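# Results of the structural survey
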Amino acid sequence: MSNQLTFNQVKESHFKRLEQYVPVVDRVHGDNHPEFHDVKKLFDAINEKIKAAGSEKPELNEELSKLREITNHYTVPGDVCESFEAVYNMLADVDQAYQA
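The sections below set out a description of the structure shown in this document. (Residues numbered from 1 in each chain as written. Predicted model: local features only at pLDDT ≥ 70, side-chain atom pairs only at ≥ 80, totals over all residues. Heavy atoms only, no water.)

Time to look at the overall build of the protein. Broken down by element type, the protein carries four helices and zero strands. Reading the helices (α) and strands (β) of the protein from amino to carboxyl end gives α-α-α-α. For the protein, the C-alpha radius of gyration of 13 Å lies close to 13 Å, the compact-globule estimate for 100 residues. Here the protein holds 100 residues, and 38% of them are scored as buried. In the protein, of all internal contacts separated by at least 6 residues, the share reaching a separation of at least 24 is 70%. Each charge class in the protein was averaged separately, 11 positive and 18 negative side chains, and the resulting centres sit 5 Å apart. (Helix = DSSP H or I, 4+ residues; strand = E, 2+ residues; numbered from the N terminus. Rg over C-alpha atoms; globule rule 2.2 N^0.38 Å. Buried < 20%, exposed > 50% of the residue type's maximum accessible area, 1.4 Å probe, protein only. Contact = heavy atoms within 4.5 Å. Lys, Arg positive; Asp, Glu negative; His and termini not counted. Charge placed at Lys NZ, Arg CZ, Asp CG, Glu CD.)

Here's what the structure looks like:
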(Lines give C-alpha, C1' and ligand atoms only; values in the text may rest on other atoms or scores of the structure.)
Protein backbone atom coordinates (compact mmCIF):
# COMPACT_ATOMS: atom_id res chain seq x y z
CA MET A 1 0.00 0.00 0.00
CA SER A 2 1.36 3.41 -0.98
CA ASN A 3 1.36 6.62 1.04
CA GLN A 4 1.33 8.56 -2.23
CA LEU A 5 -1.11 11.45 -2.12
CA THR A 6 -3.59 11.77 -4.94
CA PHE A 7 -3.54 14.85 -7.15
CA ASN A 8 -6.71 16.15 -5.48
CA GLN A 9 -5.20 15.68 -2.01
CA VAL A 10 -2.06 17.55 -3.02
CA LYS A 11 -4.15 20.25 -4.67
CA GLU A 12 -6.15 20.71 -1.45
CA SER A 13 -3.11 20.70 0.82
CA HIS A 14 -0.70 22.83 -1.25
CA PHE A 15 -2.43 25.36 -3.50
CA LYS A 16 -3.55 27.90 -0.89
CA ARG A 17 0.02 28.08 0.43
CA LEU A 18 1.49 28.16 -3.08
CA GLU A 19 -0.82 31.05 -3.97
CA GLN A 20 0.66 32.94 -1.01
CA TYR A 21 4.31 31.91 -1.35
CA VAL A 22 4.91 32.08 -5.12
CA PRO A 23 4.38 35.86 -5.54
CA VAL A 24 6.48 36.63 -2.44
CA VAL A 25 9.34 34.34 -3.48
CA ASP A 26 9.20 35.85 -6.97
CA ARG A 27 9.48 39.36 -5.55
CA VAL A 28 12.25 38.49 -3.06
CA HIS A 29 14.37 36.12 -5.17
CA GLY A 30 13.47 37.03 -8.75
CA ASP A 31 16.47 39.34 -9.23
CA ASN A 32 19.00 36.69 -8.17
CA HIS A 33 17.03 33.78 -9.66
CA PRO A 34 15.35 35.12 -12.82
CA GLU A 35 14.17 31.58 -13.66
CA PHE A 36 11.68 31.98 -10.82
CA HIS A 37 9.76 34.53 -12.92
CA ASP A 38 9.06 31.64 -15.32
CA VAL A 39 8.16 29.38 -12.39
CA LYS A 40 5.59 31.99 -11.30
CA LYS A 41 4.11 32.27 -14.82
CA LEU A 42 3.81 28.48 -15.06
CA PHE A 43 2.32 28.23 -11.57
CA ASP A 44 -0.24 30.90 -12.48
CA ALA A 45 -1.16 28.96 -15.65
CA ILE A 46 -1.45 25.69 -13.70
CA ASN A 47 -3.56 27.34 -11.02
CA GLU A 48 -5.89 28.82 -13.65
CA LYS A 49 -6.34 25.44 -15.33
CA ILE A 50 -7.03 23.75 -11.98
CA LYS A 51 -9.67 26.31 -11.07
CA ALA A 52 -11.27 26.08 -14.53
CA ALA A 53 -11.35 22.26 -14.35
CA GLY A 54 -13.30 22.18 -11.10
CA SER A 55 -13.42 18.59 -9.88
CA GLU A 56 -11.93 17.24 -13.13
CA LYS A 57 -8.20 16.62 -13.56
CA PRO A 58 -6.80 19.36 -15.84
CA GLU A 59 -4.27 18.77 -18.62
CA LEU A 60 -0.98 19.95 -17.09
CA ASN A 61 1.67 17.82 -18.80
CA GLU A 62 3.16 20.70 -20.79
CA GLU A 63 3.36 23.09 -17.82
CA LEU A 64 4.80 20.46 -15.48
CA SER A 65 7.36 19.42 -18.08
CA LYS A 66 8.50 23.04 -18.41
CA LEU A 67 8.64 23.37 -14.61
CA ARG A 68 10.89 20.31 -14.35
CA GLU A 69 13.17 21.80 -17.00
CA ILE A 70 13.32 25.32 -15.49
CA THR A 71 13.86 24.08 -11.92
CA ASN A 72 16.27 21.26 -12.84
CA HIS A 73 13.74 18.79 -11.43
CA TYR A 74 12.94 21.04 -8.45
CA THR A 75 16.55 21.36 -7.29
CA VAL A 76 16.64 24.04 -4.58
CA PRO A 77 19.44 26.60 -5.02
CA GLY A 78 21.81 26.90 -2.07
CA ASP A 79 21.26 30.62 -1.46
CA VAL A 80 17.51 30.80 -0.93
CA CYS A 81 15.09 30.98 2.00
CA GLU A 82 12.84 28.28 3.39
CA SER A 83 9.84 29.68 1.49
CA PHE A 84 11.63 29.22 -1.85
CA GLU A 85 12.51 25.66 -0.82
CA ALA A 86 8.92 25.04 0.28
CA VAL A 87 7.60 26.21 -3.12
CA TYR A 88 9.89 23.81 -5.01
CA ASN A 89 9.00 20.95 -2.65
CA MET A 90 5.26 21.58 -3.00
CA LEU A 91 5.54 21.87 -6.80
CA ALA A 92 7.47 18.58 -6.85
CA ASP A 93 4.63 16.99 -4.82
CA VAL A 94 2.07 18.37 -7.28
CA ASP A 95 4.05 17.00 -10.23
CA GLN A 96 4.54 13.58 -8.63
CA ALA A 97 0.87 13.26 -7.69
CA TYR A 98 -0.20 14.38 -11.17
CA GLN A 99 1.97 11.72 -12.83
CA ALA A 100 0.69 8.93 -10.54
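Attention shifts here to the pattern of salt bridges. Scanning all chains against the criterion turns up five salt bridges. Its salt-bridge partner being glutamate 63, residue lysine 49 comes within 2.8 Å of it at the nearest N-O pair. Here lysine 49 is found in helix H2 (residues 35-53), whereas its partner glutamate 63 is found in helix H3 (residues 61-70), with 14 residues between them in sequence. Under the relative-accessibility criterion, lysine 49 is labelled partly exposed at 33%. With a relative accessible area of 10%, glutamate 63 lands in the buried category. The residue lysine 66 makes a salt bridge to glutamate 62 at a minimum N-O spacing of 3.2 Å. (Salt bridge = Lys/Arg side-chain N within 4 Å of Asp/Glu carboxyl O.)

A few words on unusual backbone geometry. Most peptide bonds are trans, and most residues other than glycine sit at a negative phi. One non-glycine residue with positive phi stands out, namely asparagine 72, at about 50 degrees. With respect to the helices and strands, asparagine 72 occurs in the loop between H3 and helix H4 (82-99). If you check the backbone angles, tyrosine 74 has positive phi at about 65 degrees while not being a glycine. By relative accessible area, which is 10% here, tyrosine 74 ends up buried.

Here we take up the packing of aromatic side chains. For the structure on display, the rule yields five aromatic pairs. Note on phenylalanine 15 and phenylalanine 43: the rings are 5.6 Å apart at their centroids and 20 degrees apart in plane angle, and the pair reads as stacked. A residue pair is termed long-range when its members are at least 10 positions apart, and phenylalanine 15 in helix H1 (residues 7-29) and phenylalanine 43 in helix H2 qualify at 28 residues. A relative accessible area of 5% means that phenylalanine 15 is categorised as buried. Assessed through its relative accessible area of 2%, phenylalanine 43 is described here as buried. A centroid spacing of 6.3 Å and a plane angle of 15 degrees characterise the contact between phenylalanine 36 and tyrosine 88, whose relative ring orientation is stacked. In this pair, phenylalanine 36 is assigned in helix H2 and tyrosine 88 in helix H4, connecting sequence segments 52 residues apart. Each member of the pair, phenylalanine 36 as well as tyrosine 88, is classed as buried. Following the ring pairs from residue to residue traces out a cluster consisting of Phe36, Phe84 and Tyr88. Its end group placed over the ring of tyrosine 98, lysine 57 keeps NZ or CZ at 4.4 Å from the ring centre. (Phe/Tyr/Trp six-rings, centres within 6.5 Å; stacked < 30°, edge-to-face > 60°. Lys NZ or Arg CZ within 6 Å of the ring centre and 35° of its normal.)

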